[in-house]
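Structural overview
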Amino acid sequence: MSRQPRFYNCSKCPAHCCSYEYIPAEPADVLRLAKHHGLAPAAAAKRFTKLVQGGKLRVLRHQKDAIFGSVCQFLNLETRQCGNYDARPKICREHPGSVRCGFYDFLCSERELQEDPDYFPSFTRG
């Protein structure tokens, strides 16, 4: 059977990209967050981000998640959509950086192989 190339559809994904351990927040991203939420930039940085790698990288904070263990604090856990879409960081605006998303391709392939349109592979963190 020949597989047709698929373009990603974020509305059908459980938000795999939101589970990345580090979602960088550049200074412009912090300013966008501050403006969107009516906060001073320093308050937005403190509330929505944290420094990692010895203070070299600013990333978005996470929240607990039943599917991936930990996800971006802005992910709506019920809809699996971004709750901060208009103020999302540049990296999220550019994701996946191409016309295809590897996780979405994997998910579609697994659903096809399992003959189950709602199949979701279980992941364990160890």
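Report follows, based on the coordinates. (Residues numbered from 1 in each chain as written. Predicted model: local features only at pLDDT ≥ 70, side-chain atom pairs only at ≥ 80, totals over all residues. Heavy atoms only, no water.)

Examining the pairing of strand β3 (residues 62-65)
With four bridges connecting them, β3 and strand β4 (residues 69-72) associate as antiparallel partners. Residue pairing for β4: Q63 is matched across the bridge by V71. Between β3 and β4, which pair antiparallel one after the other, the connecting turn spans three residues. (Pairing = 2+ DSSP bridges. Helix = DSSP H or I, 4+ residues; strand = E, 2+ residues; numbered from the N terminus.)

Quick look at the environment of F68
Mapped onto the elements of the fold, F68 is located in the loop between β3 and β4. Sequence separation of F68 and C18 is 50 residues, and the distance between their C-alpha atoms is 9.2 Å.

Describing the pattern of salt bridges
Summed over all chains, the structure comprises three salt bridges. Here R80 and D65 are joined by a salt bridge, their closest N and O atoms 2.6 Å apart. Residue R80 is located in the loop between β4 and α3 (90-94), and its partner D65 is located in strand β3; the two are separated by 15 residues in the primary sequence. The exposure classification of R80 matches that of D65, with both residues buried. The partner of E94 in a salt bridge is K90, and the shortest N-O contact between them spans 3.9 Å. On the criterion of helical spacing, the pair formed by E94 and K90 is a turn pair, its members being four residues apart in helix α3. (Salt bridge = Lys/Arg side-chain N within 4 Å of Asp/Glu carboxyl O. Buried < 20%, exposed > 50% of the residue type's maximum accessible area, 1.4 Å probe, protein only.)

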